[in-house]
Amino acid sequence: LQGIFVLGLPYALLHSGYSGLLLIVLAAALCCYTGKILIACLYEENEDGQLIRARDTYEDIANACCKKLSPSLGGIVVNVTQVVELIMTCILYLVVSGNLLSHSFPYLPVTEKTWSVIAFVTLLPCIFIRTLKIVSKLSQLCSLVHFVIIFVVITYCLTQMHQWSWAKFRLSLEFENFLVSVGVIIFSYTSQIFLPTLEGNMKNPGEFRCMLNWTHVFACILKTTFALTAFLTWGEKTKEVITDNLPSFLETLVNLCLLTKALLSYPLPFFAATEIVYSCISNNNHSNYRSPLLALTVRGSFLLLTLLMAMFTPHFALLMGLSGSVTGAAMTFLLPSLFHLKLQWKRLSFLEKCVDISVFILGFLCCLAGIVCSIKRLLEVFG
């Protein structure tokens, strides 16, 4: 999904101007910070003052924070939020796949929904994925395709340097459009859902903070370069998905690359969502599947659910924006800062407490603004 959001960054700059460049950097710093404090919540000090990993998942952190109210309340809230976000992401991949195939082969008498079904058929083997190892290999291929897309767009933009002009940047802003830009920029960095599992599977977890720093630095540089070169090339003509601005021969090539990326990206959120549901059903047994038939049933049901919602949910993009505003902001800003304050309060300095509270307030405002804008647009559509 981050790759899809990246393609909207030039459009975000169109509506945010110079502040958009600052937001790309600020969002990288904030998401990197909340990733670190989320992982910090996995650890507790032992009697010798050494940090030990006392928890394994986002769910464990939530349960630890809410244990006085209910031993499992926090975990239920986090699991529901994660599953909703992951499933909506999977559905979006199917919708995007159908759209890309429709635009790549407009001369064929096939509807966009039919193309989504065709894309769905290629994803049926996902029900047999049982380990993260397979998913990680598909994600590596996805990253490779992503870099190819970015390289093609930036290379074309550099050939158009003669028409670049900084005068294309806006100084005045429309508040509602600016909020949309904020959402696109922030959610192009979100990865908190996967961080506890990632840190737990690293050969040297002590290098996690360094890894997170460098990945966000490189992501920030890449996204700033991509958004800036694309916006300077097309200016006011910049479209919501920047590939629509490319010449037809390049657009078809990039659309097929995007299709490949969408299909390769699907297994990760799908695997994560089904693992959460199955672990709840099988009493939090993460190590293996006691019932292969139940595991296949869960995965098959989720796979079919994503297709049905992609096919029959009207105005899915707006609904995605509404759910993303709630789940994305909650998982990225609200919950990490809240959990960090709750679990680490005695060890935090005054400055760290102020930063966590500020991040929480920012996350709440982003969530509220996103909900208001999404509901307003849904009412306009249905009104």
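Cut-offs used in this document
Residues numbered from 1 in each chain as written. Predicted model: local features only at pLDDT ≥ 70, side-chain atom pairs only at ≥ 80, totals over all residues. Heavy atoms only, no water. Helix = DSSP H or I, 4+ residues; strand = E, 2+ residues; numbered from the N terminus. Rg over C-alpha atoms; globule rule 2.2 N^0.38 Å. Buried < 20%, exposed > 50% of the residue type's maximum accessible area, 1.4 Å probe, protein only. Contact = heavy atoms within 4.5 Å. pLDDT = per-residue confidence, 0-100. 1 Å grid on protein atoms, 1.4 Å probe; cavity = no way out; pocket = protein on both sides within 12 Å on 5 of 7 lines; lining within 4 Å. Points joined across faces, edges and corners; volume = space filled by probe spheres on them. Nonpolar A, V, L, I, M, F, W, Y, C, P; charged D, E, K, R; others polar. Phe/Tyr/Trp six-rings, centres within 6.5 Å; stacked < 30°, edge-to-face > 60°. Lys NZ or Arg CZ within 6 Å of the ring centre and 35° of its normal. Disulfide = S-S within 2.5 Å. Patch = residues over 30% accessible without salt bridge, like charges linked within 9 Å, V, L, I, M, F, W, Y side chains within 5 Å. Areas by Shrake-Rupley, 256 points an atom, 1.4 Å probe, with all protein chains shown as cover. Salt bridge = Lys/Arg side-chain N within 4 Å of Asp/Glu carboxyl O. Lys, Arg positive; Asp, Glu negative; His and termini not counted. Charge placed at Lys NZ, Arg CZ, Asp CG, Glu CD. Core = buried A, V, L, I, M, F, W, Y, C linked by side-chain atoms within 4.5 Å. Axes fitted to C-alpha atoms, helices over the stretch in contact; angles between N-to-C directions. Left-handed = near helix turned anticlockwise from the far one by under 90°.

Assigned secondary structure in the chain consists of 15 helices and two strands. By the compact-globule yardstick of 21 Å for 383 residues, the chain fits well, its C-alpha radius of gyration being 21 Å. By principal-axis analysis of the C-alpha atoms, the chain measures approximately 65 × 50 × 45 Å. Expressed as a percentage of its 383 residues, the buried residues of the chain come to 50%. The long-range fraction of contacts in the chain, counting pairs at least 24 apart against all pairs at least 6 apart in sequence, stands at 78%.

The next point concerns the confidence of the model for the chain. Averaged over the chain, the pLDDT score is 84; the fraction of residues at 70 or greater is 92%. The secondary structure element of the chain with the lowest average pLDDT is helix α1 (residues 2-6), at 63, and the one with the highest is helix α10 (residues 208-234), at 92.

Attention now moves to the layout of surface pockets. Considering only enclosed or pocket space, the second largest pocket measures out at about 450 Å³ in volume. What lines the second largest pocket is a set of 18 residues, among which K36, I39, A40, L51 and R209 lie closest to the centre. Contributions of two or more residues to the lining of the second largest pocket are made by α3 (18-40), β1 (43-45), α10 and α14 (316-344). In terms of residue count, the dominant contributor to the lining of the second largest pocket is α3 (five residues). A breakdown of the residues in the lining of the second largest pocket according to their chemical character gives nine nonpolar, three polar and six charged.

Enumeration according to the criterion identifies six aromatic pairs in this entry. By the ring-pair criterion, three or more aromatic residues cluster together here, those being F105, Y107 and W115. The ring of Y189 has K223 sitting right over it, with the charged end atom 3.8 Å from the ring centre. The ring centre of W345 lies 3.9 Å from the NZ or CZ of K353, which sits over that ring.

Put plainly, a disulfide is one covalent bond tying together the sulfur atoms of two cysteines. One pass over the full model with this rule turns up zero disulfides. Here C66 stays unpaired: no disulfide links it, and the sulfur of C65, its closest cysteine neighbor, is 6.1 Å away.

The next point concerns a positive patch on the surface. On the surface, K67, K68, K342 and K346 cluster together into a patch of positive charge. Mapped onto the elements, K346 comes out in the loop between α14 and α15 (350-382).

With that out of the way, let us pick up the nonpolar core. Ranked by internal contacts, the top residues of the largest apolar core, which has 55 residues, are I149, F169, I185, Y189, F226, W234 and L246. Here the element with the most residues in this core is helix α7 (residues 132-158); it accounts for nine residues. Grouped together as the second largest cluster of nonpolar side chains are 52 residues, C41, A119, F270 and F339 included.

On the surface, a nonpolar cluster with roughly 700 Å² of combined accessible area is contributed by L338, I357, F360, I361, F364, L365, L368 and V372. At seven residues, the largest contribution of residues to the nonpolar patch is made by α15. Along the chain, F360 falls in helix α15. The class of F360 is partly exposed, set by a relative accessible area of 31%.

Two side chains bearing opposite charge may form a pair once their charged atoms approach each other closely. Counted under the stated rule, the structure contains three salt bridges. Taking the shortest distance from any N to any O, the salt bridge between R53 and D56 comes out at 3.0 Å. The class of D56 is partly exposed, set by a relative accessible area of 47%. A salt bridge links R53 to E199, with the nearest nitrogen and oxygen atoms 2.8 Å apart. With R53 in strand β2 (residues 51-53) and E199 in helix α9 (residues 195-200), this residue pair connects regions lying 146 residues apart in the sequence. Residue classification places R53 among the partly exposed positions, given a relative accessible area of 28%. What you see here is one network of salt bridges that share partners, running through R53, D56 and E199.

This part covers the packing of helix α4 (residues 58-65) against helix α5 (residues 73-104). Running from N to C, α4 and α5 point in directions that differ by 145°, and their axes come no closer than 6 Å. The handedness of the crossing between α4 and α5 is right-handed. Contact residues: Y58, E59, A62 and N63 in α4; L73, G74, G75, V78, N79 and Q82 in α5. Broken down by class, the residue content of the contact of α4 with α5 amounts to four nonpolar, five polar and one charged.

Topologically, F270 is positioned in helix α12 (residues 267-281). Measuring from C-alpha to C-alpha, the distance between F270 and F302 comes to 7.9 Å, with 32 residues separating the pair along the chain. Residues in contact with F270, not counting those within four places in the same chain, are C90, C126, I127, R299, F302 and L303.

Next up on the list: α4. Of all eight residues in α4, seven are buried, a share of seventy percent or more. Of all the residues in α4, the buried ones are Y58, E59, I61, A62, N63, A64 and C65.

Now for the environment of P269. Within the secondary structure layout, P269 lies in helix α12. The residues touching P269, leaving out its near neighbours within four places in the chain, are L86, T89, C90 and Y93.

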